[in-house]
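As a plain string of letters, each chain reads:
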Amino acid sequence: MRIVALAGGIGAARFLRGLKVAAPTAEITVIGNTADDITLLGLRVSPDLDTLMYTLGGGIDDTQGWGRDRESWHVKEELAAYDYGPSWYGLGDRDLATHLVRTSLLDAGYSLTEVTAALCHRWQPGARLLPMSDDRIETHIVIEDTQGRRAVHFQEYWVRLRAEPAARDVVVVGVEDAHPAPGVLDAIGQADVVLLPPSNPVVSIGTILAVPGIRAAITAVDAPVVGVSPIIGGAPVRGMADKLLPAIGVETSAVGVGRHYGGRGGHDEQGAHDEQDRGGLLDGWLVDTVDADATVPGAIVQAGPLLMTDVPAAASIARQALSLASAVRR
Ligand code: FO1
């Protein structure tokens, strides 16, 4: 079975680790968000691609959900001694090797797709990891604080500012002129199942869908499209999606996010067949048991425990998503 998943960072990576357990023989293609990418100290950092690669490849710091396990911070300490560089972003010694390899291969003219494949050759994530695009795309958040209204890079908003200032808008710089990376549209077109894991709907899934051609490819697939709500009972399981959803006018709830992605049609709440295509993405929407009363016009909603406390729990959620996919197959 060919499974394609759109993925951001920590939540998606943990879900996909469970998916590998739930579907050990499936061919999994992960389309990773690259709009979090940032250049620091002259190095190109791709946080979501690295979180996916490390988590699926067994090198992640599982407590943090990002960065390497068994990490040391000597370079960071030395930079601090020079009072040099953005001390607010933790680049560990082991992690820096990944950024050095990526930056030198990019500088040599290789694409992000080729660089990601080269890095994954070491990590063997057990899934094909594709960047959403090889073009430069960066999410910036428009905030308003004592210094007035300004845009800051998503990583600065997320890590240095801890998402405290009110987010007024989300600007995905460069996405209008970007193209899907090689293989992305083919993978979607040939998928037997398309999954939207519990990633941030705005700056992870939303940015992937904003790459011209990707959303249209998903709405056109014959394969069932199933999403997993990142919001349980009105609060994000992890991360700070609740800080960004209001900026795009979406309610912080399983219903709000489900309706934001939209039902694709072909089913009404009772599952009866209705031909009206609603232009949305979802055939199925997996919500937590506390949100069991959620409805998404044009999609089948299924409730189950969604707290990904460990790998077995993530595998159980992945199984629920796959069984919902076979239930809603068009
Ligand atoms: N997140 C933090 O909260 N603090 C950090 O210092 C930090 C460093 C970092 C370094 C490499 C990397 O791949 C990720 C890192 N992250 C850090 C996580 C990252 O900001 C977020 O996980 C994603 O951008 C959100 O999806």
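All of these numbers come straight from a predicted model, not from anything done at the bench. (Residues numbered from 1 in each chain as written. Predicted model: local features only at pLDDT ≥ 70, side-chain atom pairs only at ≥ 80, totals over all residues. Heavy atoms only, no water.)

1. Focus on the environment of Tyr82
Stage number 1. Here Tyr82 shows up in the loop between α3 (74–81) and α4 (93–107).
Stage number 2. Considering only alpha carbons, one finds Tyr82 and Ala254, 172 residues apart in sequence, at a separation of 47 Å. (Helix = DSSP H or I, 4+ residues; strand = E, 2+ residues; numbered from the N terminus.)

2. A short note on the domain arrangement of the chain
Stage number 1. When cut into domains, the chain gives domain 1 (2–134 + 177–327) and domain 2 (138–176).
Stage number 2. Computed from C-alpha atoms alone, the centre-to-centre distance between domain 1 and domain 2 is 21 Å.
Stage number 3. Contact residues are listed per partner, giving 24 residues for domain 1 and 21 residues for domain 2.
Stage number 4. Counting each side, the surface lost to burial between domain 1 and domain 2 is near 1,800 Å², with a carbon and sulfur contribution of 66%.
Stage number 5. It is Trp88, Met240 and Ala247 in domain 1 that bury the most area against domain 2; as a group they hold 29% of the surface buried on that side.
Stage number 6. Applying the counting criterion to the domain 1 and domain 2 interface returns 1 salt bridge.
Stage number 7. A salt bridge links Arg44 to Glu138; its shortest N-O distance comes to 3.1 Å.
Stage number 8. For the pair domain 1 and domain 2, the number of links is 9 residue pairs in polar contact (both at pLDDT 80 or more).
Stage number 9. If you list the elements that add at least two residues to the side of domain 1 that touches domain 2, you get α8 (205–210) and α10 (241–244). (Domains from an automatic or database assignment. Contact = heavy atoms within 4.5 Å. Buried area = accessible area lost by both parts, 1.4 Å probe. Salt bridge = Lys/Arg side-chain N within 4 Å of Asp/Glu carboxyl O. Polar contact = N/O pair within 3.5 Å; in protein donor to acceptor, adjacent residues only side chain to side chain.)

3. Some details on the site of the ligand
Stage number 1. Surveying the vicinity of the ligand reveals the residues Ile10, Asp36, Pro47, Asp48, Trp66, Trp88, Tyr89, Gly90, Asp95, Phe154, Gln155 and Val159.
Stage number 2. Taking Asp48, its side chain carries an N or O atom lying 2.8 Å from an oxygen atom of the ligand.
Stage number 3. For the ligand, whose unbound accessible area comes to 530 Å², protein coverage reaches 86%.
Stage number 4. Put simply, the ligand lies in the largest pocket.
Stage number 5. Counting residues per element, the ones that place at least two in the shell around the ligand are α2 (47–57) and α6 (154–160).
Stage number 6. Taken together, the residues of the shell around the ligand break down into 7 nonpolar, 2 polar and 3 charged.
Stage number 7. Looking at which domains feed residues into the shell around the ligand, each of domain 1 (2–134 + 177–327) and domain 2 (138–176) gives three or more. (Near = heavy atom within 4 Å. Areas by Shrake-Rupley, 256 points an atom, 1.4 Å probe, with all protein chains shown as cover. 1 Å grid on protein atoms, 1.4 Å probe; cavity = no way out; pocket = protein on both sides within 12 Å on 5 of 7 lines; lining within 4 Å. Sits in = over half its atoms within 2 Å of the grid points. Nonpolar A, V, L, I, M, F, W, Y, C, P; charged D, E, K, R; others polar.)

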